[in-house]
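# Fold and geometry: a report
Below are the chains, spelled out letter by letter.
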Amino acid sequence: MPTFPYTSRQEALKQTFAQLRKSAPARINAGYLRQFDIATANETYILSILRFLGIIDDHGSRRNSESRYLSGSEEVFAVGLEKAVRAAYWQLFDEVSDPFPANRDSLMRWFRRTDKTSALVGQRQATTFLTLAALATPSETGSDHADRQPSPHRAPPAAKRTSSAQSCSAPAKLQISSTTPSVAQSAPTQPDGIGRDAGLSVHIEVNLPANGDAATYDAIFASIKKHLMS
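Residues numbered from 1 in each chain as written. Predicted model: local features only at pLDDT ≥ 70, side-chain atom pairs only at ≥ 80, totals over all residues. Heavy atoms only, no water.

In this section: unusual backbone geometry. The phi dihedral of Asp37 is positive, around 55°, even though this residue is not glycine. When its relative accessible area of 58% is taken as the criterion, Asp37 is described as exposed. Of note, the phi angle at Ala39 is positive, near 55°, even though the residue is not glycine. By secondary structure assignment, the location of Ala39 is in the loop between helix H2 (30–35) and helix H3 (43–52). (Buried < 20%, exposed > 50% of the residue type's maximum accessible area, 1.4 Å probe, protein only. Helix = DSSP H or I, 4+ residues; strand = E, 2+ residues; numbered from the N terminus.)

This is how it looks when you write it as structure tokens:
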């Protein structure tokens, strides 16, 4: 007979623990499982797992000191079941550094080698162990973990800023000479509240006389070069 228990009905094993967490009677036997339609015709396999974990004795009586975690919170249940699994599978934990995340194939080879079981039994032993390991891992959606969930972070809405470019009401005029046309210079100001270097934009407008001769034009451009480009 194999040392390490197993079942082919993993869902029945989960249902058993779910029911025990609701109500764990003083005596857990095949009749108790049949009452909740759990593991029909396979009750002995489930009971052997409960005995192996130390939850019940050979007569089906619940061992109170070893099974208090069944009625605790999700966190208490997970910690208690993990402790029971580590104690029951001590040989596995001695030989495998951390079998909880191990894959089923490697576990199956270990059970077959250690327990001298067939491929089918070794596979079921590995699957049963992984089911127990999963039950011993607190669910992220459990009540004990609900308070740990961070509240959704919402970025504050971006502040709206309104700015309008201000322009000079009238361009500054620079008179070159009494006979030359006016030169307009404008420098748009920067919008309020924007931290950037001020810039200067100069717009020169030259109105040439329609009846001017070459000498007049030369005088105009000479004056521009003298007063604005020097």
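One finds Phe17, Leu53, Val85, Tyr89, Phe111 and Phe129 to be the most contacted residues of the largest nonpolar core, which totals 37 residues. With five residues, helix H4 (residues 74–88) is the single largest residue contributor to this core. The residues touching Tyr89, leaving out its near neighbours within four places in the chain, are Phe4, Pro5, Phe52, Phe111, Thr128, Phe129 and Leu132. (Core = buried A, V, L, I, M, F, W, Y, C linked by side-chain atoms within 4.5 Å. Contact = heavy atoms within 4.5 Å.)

A few words on the environment of Leu92. Along the chain, Leu92 falls in helix H5 (residues 90–95). For Leu92, a relative accessible area of 0% gives the class buried. Considered as a pair, Leu92 and Thr114 are 22 residues apart in the sequence and their alpha carbons are 9.1 Å apart. Not counting the four nearest positions on each side in its chain, Leu92 is found in contact with Pro99, Leu107, Trp110, Phe111 and Phe129.

One pass over the structure, following the stated rule, counts two salt bridges. Of the charged contacts, one joins Glu43 and Arg34 as a salt bridge, the two residues approaching to 3.8 Å between their closest N and O atoms. What makes Glu43 buried here is its relative accessible area of 8%. For Glu82, the salt bridge is made with Arg86, and the minimal N-O distance between the two is 3.0 Å. (Salt bridge = Lys/Arg side-chain N within 4 Å of Asp/Glu carboxyl O.)

Here we come to helix H1 (residues 10–22). The terminal C-alpha atoms of H1, which comprises 13 residues, lie 19 Å apart, in line with the 18 Å expected from a rise of 1.5 Å per residue. Inspection of H1 places Gln10, Ala12, Leu13, Thr16, Phe17, Gln19 and Leu20 among the buried residues, and these make up the whole buried set. (Expected span 1.5 Å × (residues − 1).)

For the rest of this paragraph, the subject is the packing of aromatic side chains. In total, this model carries 13 aromatic pairs according to the counting rule given. An aromatic cluster is defined as three or more aromatic residues linked by ring pairs; in this entry it consists of Phe4, Phe52, Tyr89, Phe93, Trp110, Phe111 and Phe129. Here the guanidinium or amino end of Arg21 rests over the ring plane of Phe77, the centre of that ring lying 4.5 Å away. (Phe/Tyr/Trp six-rings, centres within 6.5 Å; stacked < 30°, edge-to-face > 60°. Lys NZ or Arg CZ within 6 Å of the ring centre and 35° of its normal.)

Time to look at helix H6 (residues 104–115). Between its terminal C-alpha atoms H6 stretches 16 Å, which fits the 16 Å expected from twelve residues at 1.5 Å a residue. Among all positions of H6, only Leu107, Met108, Trp110, Phe111 and Asp115 are buried. All buried residues of H6 project into a common sector of 160° when viewed along the axis, lining one side. Residues of H6 that are buried in the fold lie against H5 and helix H7 (119–135). Between a side-chain oxygen at the N-terminus of H6 and the backbone nitrogen of Asp105 the separation is 3.2 Å; the capping residue is Asn103. Backbone geometry just after H6 places Lys116 at a positive phi near 55°. (Arc of directions from axis to C-beta. Polar contact = N/O pair within 3.5 Å; in protein donor to acceptor, adjacent residues only side chain to side chain.)

Fair warning: the whole summary comes from geometry, so function is off the table for now.
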